[in-house]
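The lines below spell out each chain.
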Amino acid sequence: MSLYRNRFERDKQLPFLKLVYLLPLAAFLALFILFYGSLKSVSDTTLEKQRESLETALNRSIAQCYAVEGAYPPSLDYIKEHYGLIYNEELFYVDYQPIGSNVMPDVTILDRTQGE
């Protein structure tokens, strides 16, 4: 075997060296994808808990108004003003449809972030 390498001969270890250099990059990408998936899952869970909390607070405020005043609240703004309902209006849209003073209103909570 010659001490000098012919420049036209292919180095047989070259594909293996490329693989060695790509392994850390592949591992980093795999960890990044795993981290992003976990972060998205936590974010979705938090948003669902906020929605459930809003629904509970809204139902309690409606029931409290009916118990105290003998009639259901005429509007969502009335609940906010008199019963202290606070929620993030950038995250949720509340459709409040009063039917009558003695009939439970129709309430729908929609996520504003679902379309994104």
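Quick summary incoming for the structure in this document. (Residues numbered from 1 in each chain as written. Predicted model: local features only at pLDDT ≥ 70, side-chain atom pairs only at ≥ 80, totals over all residues. Heavy atoms only, no water.)

1. Some details on the environment of R51
1) Next: Note that R51 resides in helix α1 (residues 14–69).
2) Next: On the basis of relative accessible area, R51 is assigned to the partly exposed category, the value being 22%.
3) Next: With residues up to four places along the chain from it excluded, the contact list for R51 reads F92, I109 and D111.
4) Next: Within the structure, the side chain of R51 is placed 3.0 Å from the backbone oxygen of I109, a separation counted as a polar contact. (Helix = DSSP H or I, 4+ residues; strand = E, 2+ residues; numbered from the N terminus. Buried < 20%, exposed > 50% of the residue type's maximum accessible area, 1.4 Å probe, protein only. Contact = heavy atoms within 4.5 Å. Polar contact = N/O pair within 3.5 Å; in protein donor to acceptor, adjacent residues only side chain to side chain.)

2. Some remarks on helix α2 (residues 76–83)
1) Next: Of the positions making up α2, those classed as buried are L76, I79 and Y83. In an axial view of α2, the angular spread of the buried residues amounts to 70°, which keeps them on one side of the axis. The exposed residues of α2 that point more than 90 degrees off its buried face are D77 and E81.
2) Next: Remark: G84 follows α2 within two positions and exhibits a positive phi of approximately 70°. (Arc of directions from axis to C-beta.)

3. Examining the side chain of D111
1) Next: Mapped onto the elements of the fold, D111 is located in strand β2 (residues 106–111).
2) Next: Exposure remark for D111: the relative accessible area of 18% places this residue in the buried category.
3) Next: Those residues in contact with D111, other than ones at most four positions away along the chain, are L47, R51, L91 and F92.

4. Some words on the nonpolar core
Nonpolar side chains in soluble globular proteins tend to end up buried together.
1) Next: If you look at the biggest cluster of nonpolar residues, it comprises 15 residues, and the most contacted ones within it are L54, L58, L76, I79, L85, Y87 and V94.
2) Next: Sorting the residues of this core by element identifies α1, α2 and β1 (92–97) as the ones contributing at least two each.
3) Next: Ranked by residues supplied to this core, first place goes to α1 with five residues.
4) Next: If sequence neighbours within four positions are ignored, Y87 has contacts with L54, L76, K80, F92 and V94. (Core = buried A, V, L, I, M, F, W, Y, C linked by side-chain atoms within 4.5 Å.)

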